[in-house]
Amino acid sequence: MGKSRIRRIGILTGGGDCPGLNAVIRGVTKPAQDYGMSVYGILDGFEGLVEGRAIELTNNDVSGILARGGTILGSSNKGDPFHWPIERGDKTEIVNKAEEAIKNYQTWNLDALIAIGGDGTMHICNKLVQMGLNIIGVPKTIDNDLDATDITFGHDSAVYVVMMALDRLHTTASSHHRVIVCEVMGRYAGWIALNGGIAGGADIILIPEIPFSWQKVYDKIHKRQLMGKKFSLVCAAEGAKAEGGEMVVKEKDIKRTDPIQLGGIGAVVAKNIEKNTGRETRVTVLGHLQRGGSPTPFDRILATKFGAFAIELASLGKFGRMVALKGNEIKSVKIEDAIGKQKLVQPDNQAVFAAKSIGISFGV
Ligand code: F6P
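An account of the accompanying structure is given in this report.

**Structural notes on the state of the cysteines**
Step number 1: Applying the stated criterion to the full structure yields zero disulfides.
Step number 2: Not part of a disulfide, Cys18 finds its nearest cysteine sulfur in Cys125, a span of 15 Å.
Step number 3: Look at Cys18 and you get buried, because its relative accessible area is 0%.
Step number 4: You can see Cys182 has no disulfide; the closest cysteine sulfur is in Cys235, sitting 5.4 Å from it.
Step number 5: The class for Cys182 is buried, based on a relative accessible area of 0%.

Written as structure tokens, this is what we have:
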């Protein structure tokens with residue numbers, strides 16, 4: 001690694017947190033000195049860039065953070081400089097603060113910015129790149145819904161939480177001869193429910209990409225009953241919807257980068273199952289348990305590789321790019337090509353095939 005003409009880089013974590021963010025921050029900061037660079041950690045995502053809040057990060061500051069969940073820098077999904085909410089009385093006004101963000105970047109003498117985030121963060125990065133900032137994106141999200149990378153770090157850790165939860169729900173559902181519905185995150189993609197459901201031995205998996213028939217869900221529970229299996233586990237993605245139905249929205253908040261907050265399908269599914277099958281049914285919503293805690297080995301390794309690759313790109317002056325996992329290799333793609341393309345579960349996906357082969361129902 002040679003000394004670079006890039007001297008000072010900023011780093012921030014934007015959007016919802018996930019396990020592995022600290023491993024990226026460490027993967028960027030530890031090698032920085034060898035490149036002849038210093039690192040400036042911007043606090044609370046783009047909020048800190050707009051408001052001018054940052055701290056110097058040294059090798060010592062990132063020691064011992066590999067196993068720590070969350071982000072030592074803080075994050076926010078309300079700090080979009082191009083969509084900045086201001087409270088005026090009981091009204092919320094949306095203004096553009098991009099110039100402030102650019103001014104702070106210049107005041108701090110940054111040569112480049114490494115932004116770790118999901119699709120919302122990459123959209124912001126793309127606009128800032130067009131305004132002249134040197135940015136490298138690092139994709140993260142438990143949802144695994146970014147098309148430009150095969151896998152995002154954070155996903156494996158979330159799937160692990162779902163698996164552990166289903167293992168535990170299994171024993172109590174079985175003891176009480178109950179149906180238990182476990183609602184998991186994932187936004188508009190079913191990856192967490194699909195992978196977590198397979199890993200945790202769910203009997204029914206409901207995902208947004210495969211709208212389900214209520215009758216088929218009830219039929220599966222009856223069928224298991226006839227086979228002498230007195231309990232059933234349903235793993236429902238928060239974005240799952242019935243055929244001809246809508247996703248269940250918990251709240252809308254215009255201050256967020258994505259104003260829609262999903263949630264509540266688990267309770268709806270549980271209520272209908274109990275009413276229509278006569279089986280006692282309970283619901284567990286895993287919520288933010290899936291985002292917290294220590295990253296799995298897979299996520300620690302992927303996040304470290306992403307961080308190390310991102311600073312290498314910065315040293316070479318390759319800006320406007322996002323690091324990505326392609327097969328077994330870390331590569332980079334143009335941020336403008338990476339944004340707005342959701343990776344959804346295709347019905348012919350091999351995991352869907354495997355799940356169906358072993359008798360898991362998707363309610364179709
Ligand atoms: O994108 C990650 C995610 O955890 C989604 O799975 C979920 O829909 C959303 O964020 C929840 O966001 P918040 O933490 O703002 O409620």
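The rest of the description comes next.
**Let's talk about the pattern of salt bridges**
Step number 1: In this structure the tally under the stated criterion is 13 salt bridges.
Step number 2: We note a salt bridge from Asp253 to Lys78, for which the minimum N-O separation is 3.7 Å. One end of the pair, Asp253, is in the loop between strand S11 (249-252) and strand S12 (260-262); the other, Lys78, is in the loop between strand S3 (54-57) and strand S4 (84-88), with 175 residues separating them in the sequence.
Step number 3: Its salt-bridge partner being Arg224, residue Asp203 comes within 2.9 Å of it at the nearest N-O pair.

**Side note on the site of the ligand**
Step number 1: Around the ligand, the surrounding shell consists of Asn77, Ile142, Asp143, Met185, Gly186, Arg187, Glu238, Arg256, Gln261, His288 and Arg291.
Step number 2: Between the ligand and Gly186, the relevant distance is 3.0 Å, taken from an oxygen atom to a main-chain nitrogen or oxygen of the residue.
Step number 3: Taken by itself the ligand offers 400 Å² of open surface, and the protein chains cover 87% of this.
Step number 4: When its residues are assigned to classes, the shell around the ligand shows two nonpolar, four polar and five charged.
Step number 5: The two domains that each donate at least three residues to the shell around the ligand are domain 1 (8-153 + 293-338) and domain 2 (156-291 + 346-357).

**Some thoughts on the nonpolar core**
Step number 1: In terms of nonpolar packing, the biggest core is built from 64 residues, with Ile9, Ile11, Val138 and Phe153 touching the most fellow members.
Step number 2: Residues lining this core come from more than one domain, with at least three contributed by each of domain 1 (8-153 + 293-338) and domain 2 (156-291 + 346-357).
Step number 3: Grouped together as the second largest cluster of nonpolar side chains are 29 residues, Leu12, Val95, Ala98 and Ile124 included.

**What to know about the packing of aromatic side chains**
Step number 1: Per the stated rule, a full pass over the model turns up four aromatic pairs.
Step number 2: With a centroid separation of 6.2 Å and an interplanar angle of 65°, the aromatic rings of Phe153 and Phe306 are classed as edge-to-face. Taken as a pair, Phe153 in the loop between strand S7 (135-139) and helix H5 (155-176) and Phe306 in helix H9 (residues 297-315) lie far apart in primary sequence, 153 residues in all. This pair shows no difference in class: Phe153 is buried, exactly as Phe306 is.
Step number 3: Ring geometry for Phe212 and Trp214: centres 4.9 Å apart, planes at 85°, overall edge-to-face.
Step number 4: On the basis of relative accessibility, which here comes to 1%, the residue Phe212 falls in the buried class.
Step number 5: Overall, the relative accessible area of 24% leaves Trp214 in the partly exposed class.
Step number 6: An aromatic cluster is present here, built from Phe212, Trp214 and Tyr218 joined pairwise through their rings.

**Thoughts on the pairing of S7**
Along any regular strand, the residues point their side chains to alternate faces of the sheet.
Step number 1: Along S7, five of the five residues are buried, which leaves the element largely enclosed by surrounding structure.
Step number 2: In this structure, strand S6 (residues 112-117) lies alongside S7, joined through five bridges in parallel fashion. Following the sheet pairing, Gly117 is matched in S7 by Pro139.
Step number 3: For the segment spanning S6, helix H4 (residues 119-130) and S7, crossover handedness is right-handed.
Step number 4: Where S7 and strand S14 (residues 321-326) come together, two bridges link them in parallel fashion. Bridging from a neighbouring strand, Gly137 pairs with Met322 of S14.

**Description of the sheet that holds strand S8 (residues 179-184)**
Step number 1: The four strands are arranged S9-S10-S8-S13 in an open sheet whose pairing can be described as parallel. Of all the strands in the sheet, just strand S9 (204-206) and strand S13 (281-285) have a single pairing partner and so form its edges. Strand-to-strand twist in this sheet, taken as the mean axis angle between neighbours without regard to direction, amounts to 20°.
Step number 2: In this sheet, strand S10 (residues 232-237) lies alongside S9 in parallel orientation, the contact comprising three bridges.

**Section: the sheet that holds strand S15 (residues 329-334)**
Step number 1: Spatially, seven strands are ordered S3-S2-S1-S6-S7-S14-S15 in an open sheet, and the strand pairing comes out mixed. On the outer flanks of this sheet lie S3 and S15, each paired with one strand and no other. Each strand axis lies, on average, 30° off the axis of its neighbour in the sheet, ignoring direction.
Step number 2: As defined by bridge partners, S14 adjoins S15 across six bridges and the pair is classed as antiparallel. The residue bridging Leu325 from the neighbouring strand is Ile330, located in S15.

Conventions and cut-offs
Residues numbered from 1 in each chain as written. Predicted model: local features only at pLDDT ≥ 70, side-chain atom pairs only at ≥ 80, totals over all residues. Heavy atoms only, no water. Disulfide = S-S within 2.5 Å. Buried < 20%, exposed > 50% of the residue type's maximum accessible area, 1.4 Å probe, protein only. Salt bridge = Lys/Arg side-chain N within 4 Å of Asp/Glu carboxyl O. Helix = DSSP H or I, 4+ residues; strand = E, 2+ residues; numbered from the N terminus. Near = heavy atom within 4 Å. Polar contact = N/O pair within 3.5 Å; in protein donor to acceptor, adjacent residues only side chain to side chain. Areas by Shrake-Rupley, 256 points an atom, 1.4 Å probe, with all protein chains shown as cover. Nonpolar A, V, L, I, M, F, W, Y, C, P; charged D, E, K, R; others polar. Domains from an automatic or database assignment. Core = buried A, V, L, I, M, F, W, Y, C linked by side-chain atoms within 4.5 Å. Phe/Tyr/Trp six-rings, centres within 6.5 Å; stacked < 30°, edge-to-face > 60°. Pairing = 2+ DSSP bridges. Right-handed = clockwise from strand over helix to strand, strands pointing away. Axes fitted to C-alpha atoms, helices over the stretch in contact; angles between N-to-C directions.

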